[in-house]
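A closer look at the structure
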Amino acid sequence: MSGTLVAVVCGLAVVVGGWAALTAARDRRVGRPLLAGLAVVELAVLALVVDGVATLVSGPRPVELATSIAYLVVAPFALPAGAFWALADRSRASVLVLLVACLAVVVIAYRAFLLFQVTR
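Residues numbered from 1 in each chain as written. Predicted model: local features only at pLDDT ≥ 70, side-chain atom pairs only at ≥ 80, totals over all residues. Heavy atoms only, no water.

Moving on to the overall build of the protein chain. Helix and strand content of the protein chain: four helices and zero strands. From first element to last, N terminus to C terminus, the protein chain shows the α and β order α-α-α-α. A compact globule built from 120 residues would reach a C-alpha radius of gyration of about 14 Å, and the protein chain, at 15 Å, matches this within 12%. Considering only C-alpha atoms, the protein chain reaches an extent of 50 × 25 × 15 Å along its principal axes. Sorting the 120 residues of the protein chain into buried and exposed places 40% on the buried side. (Helix = DSSP H or I, 4+ residues; strand = E, 2+ residues; numbered from the N terminus. Rg over C-alpha atoms; globule rule 2.2 N^0.38 Å. Buried < 20%, exposed > 50% of the residue type's maximum accessible area, 1.4 Å probe, protein only.)

Following this line, the structure appears as structure tokens:
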């Protein structure tokens, strides 16, 4: 798994999470620009998942194989779940759900990267 791609995903997720926090602080609701930012992060997450699957297929297996696969399966669903929740609720606090989803993406990407570094 590429460390550069993980850094890009984490950086994008932190920027969009900060944007969501700023939106909540300004007492605004989720808008199309914020959803477009989430879509960019989601595309980066999908690229990370493809890279992880390619690493699993071609490279040495991580010691925690089941956990690594679980991170790859869960990663693409964190942001859409947060966006769905934020759009369904439409309150000020629902924007903070996007912040939590972005932070979850950072944790998932970083943990997956660490797991892929320890191989058999």
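Structure shown, so let's carry the discussion forward.
Its place among the elements puts Ser 94 in helix α4 (residues 92–117). For Ser 94, a relative accessible area of 1% puts it in the buried group. Polar side-chain contacts of Ser 94 include one of 3.4 Å to the backbone oxygen of Ala 86. The residues touching Ser 94, leaving out its near neighbours within four places in the chain, are Trp 85, Ala 86 and Asp 89. (Polar contact = N/O pair within 3.5 Å; in protein donor to acceptor, adjacent residues only side chain to side chain. Contact = heavy atoms within 4.5 Å.)

A word on the nonpolar core. Core analysis: the biggest nonpolar cluster contains 35 residues, and Leu 98 and Val 105 have the highest contact counts within it. Looking at this core element by element, the count peaks at 11 residues for α4. Residues contacting Val 105, with those up to four places away along its chain left out, are Val 9, Ala 13, Val 41, Val 45, Ala 78 and Leu 79. (Core = buried A, V, L, I, M, F, W, Y, C linked by side-chain atoms within 4.5 Å.)

Looking now at the side chain of Glu 42. You can see Glu 42 is positioned in helix α2 (residues 32–58). With residues near it in sequence (within four places) discarded, Glu 42 still touches Pro 76, Leu 79 and Pro 80.

Even without being glycine, Asp 27 reaches a positive phi, approximately 60°. Note that Asp 27 resides in the loop between α1 (3–25) and α2. Accessibility expressed as a relative area gives 53% for Asp 27, which makes it exposed.

A word on the environment of Ala 109. Along the polypeptide, Ala 109 turns up in helix α4. Since its relative accessible area comes to 3%, Ala 109 is described here as buried. Along the backbone, Ala 109 and Ala 75 are 34 residues apart, and their C-alpha atoms lie at a distance of 7.6 Å. Each residue touching Ala 109, except ones within four places of it in the same chain, is listed here: Val 6, Val 9, Cys 10 and Leu 48.

Where α2 contacts α4, the two axes come as close as 12 Å, and the packing angle between them is 20°. Put simply, α2 runs roughly parallel to α4. The handedness of the crossing between α2 and α4 is left-handed. Here Leu 34, Leu 38, Val 41, Val 45, Leu 48, Gly 52, Thr 55 and Leu 56 of α2 come into contact with α4, specifically with Val 95, Leu 98, Cys 102, Val 105, Ala 109 and Phe 116. Per-class residue counts for the contact of α2 with α4 are 12 nonpolar, two polar and no charged. (Axes fitted to C-alpha atoms, helices over the stretch in contact; angles between N-to-C directions. Parallel < 35°, antiparallel > 145°, perpendicular 65-115°, else oblique. Left-handed = near helix turned anticlockwise from the far one by under 90°. Nonpolar A, V, L, I, M, F, W, Y, C, P; charged D, E, K, R; others polar.)

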